[in-house]
Amino acid sequence: MTHDDNRLGFETAAIHAGEEPNLEPGGTGDLVSPIHLASTFAMDRAGDPSHGYKYSRLGNPTRDALERRLGALHDATHGMAFGSGMAAIATACLGLVSPGDRVVAFDSLYGGTRVFLSEFLDRFGVGVEYVDATDPANVARAMTDDTALVWMETPTNPLLKLCDLAAIAEIAHEYDCPLAVDNTFASPYFQRPLDLGADLVAYSTTKYLNGHTDSIGGALVTDDDDLAEQFRFVQGYALGSMLAPFDCYLVLRGVKTLPARMAHHERNAQAVAEFLADHEAVERVHYPGLDSHPQRDLADEQMDGYGGVVSFEIDGDGAEARAFVESLDVFTLAVSLGGVESLVEHPASMSASYVPEDEREAAGITDGLVRAPIGIESTDDLLADLDRGLSRL
Ligand SMILES: *Cc1c(COP(=O)(O)O)cnc(C)c1O
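Quick caveat, the model's predicted, so the values are computed rather than measured.

Trainee: Which parts of the structure should I look at to understand the site of the ligand?
Mentor: Neighbouring the ligand are 13 residues, the closest being G85, D182, S204, T206 and K207. A distance of 2.9 Å is found between an oxygen atom of the ligand and a backbone nitrogen or oxygen belonging to G85. For the ligand, an oxygen atom lies 2.8 Å from a polar atom in the side chain of S204. A total of 390 Å² of accessible area belongs to the ligand in isolation, and the protein chains cover 92% of it. At three residues, the largest contribution of residues to the shell around the ligand is made by helix α3 (residues 85-96). Per-class residue counts for the shell around the ligand are four nonpolar, six polar and three charged.

Here it is as structure tokens:
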């Protein structure tokens, strides 16, 4: 069977793209990509081996399989796999900015991205403007001729705010500036930033793409040959930020069920969000699939679904919120998201604890806020667990 990976339907690409059984003489027909652990490859010709592989940091057959699949899931020419989401994000930024450049970024970015931009790029003379990108006019106002990168994320963590990617792409392109989108929360199943005008998509594959809570990894996807060349240079030569072969195998395996898992995550998340919205011990629920979400129309326009993460404010203080998250049985108290199991965390004392309290409150991360990435367990068990926990408040 041979096929053009970029013409397959999403579900088909998730299973088959990049993982072509080798039926040539000498091939073994493995249906599943072997894990190529070699650090270096024997060459038939000095410097120019006919199989194309030289040294595993620069290129590896298992990583190639995953990278082809990541590209195919976006109908894009270039997918790249990294040792973590942060490695992917750092590689993208380092490939795109030089001293004197400026970055315009959403003020609700993932904490690690914010630390990288503010505390690392800053040392190299790159300034960052944070804007409330829920209104694209704020992005437009922050753009200057020195802006070399616009970095967005939608939906955001932990409040599930959205930004209008098509409108922001148009603004960035007026300044010949690339738009990068961290699409970790939506996954390519629910949102396709390249189709909305973005130039680059970034992921933590640790989350939904791998989906089984057993690998840290990241990805970049683009259709732009020049950007891809920059990123490959940083990935292979400058940083060595690539994903190891065993983890490439895990993500190749995990991504096969991405469509099935995402649909299930969303069904459960919608049920949980509706249950919480009706519960007397809950003050507010943040989920793009609820009519009460202030950007529900934008979600309907630019997404194919609302994702699997729900956050909510309980009617209580920080101590009560901590007691609540510690009291659940089916939900596991842990950071991260995107695995098959439901998790729960208290941002004010966990993922956002490094943010000073006044800034945290101003950003809407109140002491009563709880974040729950919803897994694919039985819906009734999840609702009963939450109900038990809330009734103890
Ligand atoms: C987890 C996460 C990252 C960082 O990814 P790691 O794999 O932990 O390095 C970046 N962005 C978002 C939105 C995330 O959720």
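Still more ground to cover, so stick around.
Trainee: Help me understand the nonpolar core in this model?
Mentor: One recurring pattern in soluble globular proteins is that nonpolar side chains are buried together. Core analysis: the largest hydrophobic core is formed by 61 residues, its most contacted members being L276, V310, F312 and F324. If near-sequence neighbours (up to four positions away) are discounted, V310 is found in contact with L160, A269, A273, L276, V285, H286, Y287, V370, R371, A372 and I374. With 47 residues, the next largest nonpolar core counts L109, F116, A180 and A198 among its residues.

Trainee: Just to check I follow, could you spell out the side chain of T154 for this structure?
Mentor: When you line up the elements, T154 lands in the loop between β4 (147-153) and α6 (165-174). A distance of 3.2 Å separates a polar atom in the side chain of T154 from the backbone nitrogen of C163. Those residues in contact with T154 that lie beyond four places of it in its chain are K161, L162, C163, L165, D182, N183, A186, Q191 and Q302.

Trainee: Please clarify how a negative patch on the surface should be interpreted in this entry.
Mentor: Together, D223, D225, D226 and E229 give the surface a local cluster of negative charge. Its place among the elements puts D225 in helix α8 (residues 225-238).

Trainee: Looking at this structure, how should I read the sheet that holds strand β3 (residues 127-131)?
Mentor: Hydrogen bonds along the backbone pair up the strands of a sheet, which may run parallel or antiparallel. Taking strand neighbours across the sheet as the criterion, the seven strands line up as β1-β7-β6-β5-β4-β2-β3 in an open arrangement whose pairing is mixed. Of all strands in the sheet, those with a lone pairing partner are β1 (78-82) and β3, marking the two edges. On average, adjacent strands in this sheet sit at an angle of 20° to one another, irrespective of strand direction. As paired elements, β1 and strand β7 (residues 218-222) share five bridges and run antiparallel to each other. When the bridges of β7 are listed, F82 appears paired with G218. Of the strands in this sheet, β2 (102-106), β3 and β4 are in contact with helix α4 (residues 111-120), which crosses β3 at around 140°. Contacts between α8 and the sheet are confined to β1, β6 (200-204) and β7, with β1 contributing the most and set at about 20° to the helix.

Trainee: Help me out: how do you make sense of α3 in this one?
Mentor: Each α-helix winds once per 3.6 residues, and so residues spaced three or four apart point in a common direction. Over its 12 residues, α3 runs 17 Å from end to end, which matches the ideal 16 Å to within 8%, given 1.5 Å per residue. Every buried residue of α3 is listed here: G85, A87, A88, I89, A90, T91, A92, C93, G95 and L96. The backbone nitrogen of M86 lies 3.3 Å from a side-chain oxygen of the residue at the head of α3, namely S84.

Conventions used here
Residues numbered from 1 in each chain as written. Predicted model: local features only at pLDDT ≥ 70, side-chain atom pairs only at ≥ 80, totals over all residues. Heavy atoms only, no water. Near = heavy atom within 4 Å. Polar contact = N/O pair within 3.5 Å; in protein donor to acceptor, adjacent residues only side chain to side chain. Areas by Shrake-Rupley, 256 points an atom, 1.4 Å probe, with all protein chains shown as cover. Helix = DSSP H or I, 4+ residues; strand = E, 2+ residues; numbered from the N terminus. Nonpolar A, V, L, I, M, F, W, Y, C, P; charged D, E, K, R; others polar. Core = buried A, V, L, I, M, F, W, Y, C linked by side-chain atoms within 4.5 Å. Buried < 20%, exposed > 50% of the residue type's maximum accessible area, 1.4 Å probe, protein only. Contact = heavy atoms within 4.5 Å. Patch = residues over 30% accessible without salt bridge, like charges linked within 9 Å, V, L, I, M, F, W, Y side chains within 5 Å. Salt bridge = Lys/Arg side-chain N within 4 Å of Asp/Glu carboxyl O. Lys, Arg positive; Asp, Glu negative; His and termini not counted. Charge placed at Lys NZ, Arg CZ, Asp CG, Glu CD. Pairing = 2+ DSSP bridges. Axes fitted to C-alpha atoms, helices over the stretch in contact; angles between N-to-C directions. Expected span 1.5 Å × (residues − 1).

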